[in-house]
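Chain and residue survey
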Amino acid sequence: MKTEQKRVCIYPKDMQRITGKSYRQSIRMLQKIRVDLNKSQNELLSIDEFCQYTSLKYEQVEPLIVG
């Protein structure tokens, strides 16, 4: 039986799909969240951190994450 794997990190393309902003604006938003959370540029942002930062519920965001 095959289990479905879910991603833990979020990428600009996901943020674009969730927020409706352009890809470039999503990159800027991702960079701003990293700075605000004191993460370095090579650290990934988790979906939970994104949800907490934007005050969105995980249940709303999860269906929009592809792959």
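Residues numbered from 1 in each chain as written. Predicted model: local features only at pLDDT ≥ 70, side-chain atom pairs only at ≥ 80, totals over all residues. Heavy atoms only, no water.

1. Describing the environment of Gly-67
Under the convention used in this document: Secondary structure elements are defined from DSSP: runs of H or I of at least 4 residues count as helices, runs of E of at least 2 residues count as strands, and each element is numbered from the N terminus. For every residue, the accessible area (1.4 Å probe, protein chains only) is compared with the maximum for its type, and the residue is labelled buried under 20%, exposed over 50%, or partly exposed between those bounds.
The topology assignment puts Gly-67 in the segment after helix 4 (58–61). Taking the relative accessible area as the measure of exposure, Gly-67 reaches 75% and is therefore exposed. The sequence separation of Gly-67 and Arg-34 amounts to 33 residues, and the corresponding C-alpha distance is 22 Å.

2. A short note on helix 3 (residues 47–54)
Rules: Here the arc refers to the set of directions running from the helix axis out to each C-beta atom.
Of all the positions in helix 3, only Ile-47, Phe-50 and Cys-51 are classed as buried. Burial along helix 3 is one-sided: seen end-on, the buried residues are contained in an arc of 100 degrees. Phi turns positive, to about 60 degrees, at Ser-55, one or two residues after helix 3.

3. Some thoughts on helix 1 (residues 12–19)
Considered for burial, the residues of helix 1 that qualify are Pro-12, Asp-14, Met-15 and Ile-18. The buried residues of helix 1 occupy an angular sector of 155 degrees when the element is viewed end-on, so they sit on one face. One or two residues past the end of helix 1 sits Gly-20, with phi positive at roughly 85 degrees.

4. A closer look at the pattern of salt bridges
Worth spelling out the cut-off: Salt bridges, as used here, are contacts in which a Lys or Arg side-chain nitrogen is within 4 Å of a carboxyl oxygen on Asp or Glu.
Per the counting criterion, the structure on display carries four salt bridges. A salt bridge links Arg-7 to Asp-14; its shortest N-O distance comes to 2.8 Å. Residue class for Arg-7 comes out partly exposed when judged on its relative accessible area of 22%.

5. Some remarks on the nonpolar core
Note the following rule: Only buried Ala, Val, Leu, Ile, Met, Phe, Trp, Tyr and Cys residues count toward a nonpolar core, and they belong to the same one when joined by side-chain atoms within 4.5 Å. By the convention used here, residues are in contact when the closest approach between their heavy atoms is within 4.5 Å.
Judged by nonpolar contacts, Ile-10, Met-15, Ile-18, Met-29, Leu-30, Ile-33, Leu-45, Ile-47, Phe-50, Cys-51, Val-61 and Ile-65 together constitute the single largest core of 12 residues. Among the secondary structure elements, those contributing two or more residues to this core are helix 1, helix 2 (23–36) and helix 3. Among all residues touching Ile-18, those that are not within four sequence positions of it are Ile-10, Phe-50, Leu-56, Val-61, Leu-64 and Ile-65.

6. As for unusual backbone geometry
Phi angles above zero are rare outside glycine, and Asn-38 is one such case at about 55 degrees. Within the secondary structure, Asn-38 sits in the loop between helix 2 and helix 3. Of note in this structure, Ser-55 is not a glycine but carries a positive phi near 60 degrees. Tracing the backbone through its elements, the reader meets Ser-55 in the loop between helix 3 and helix 4.

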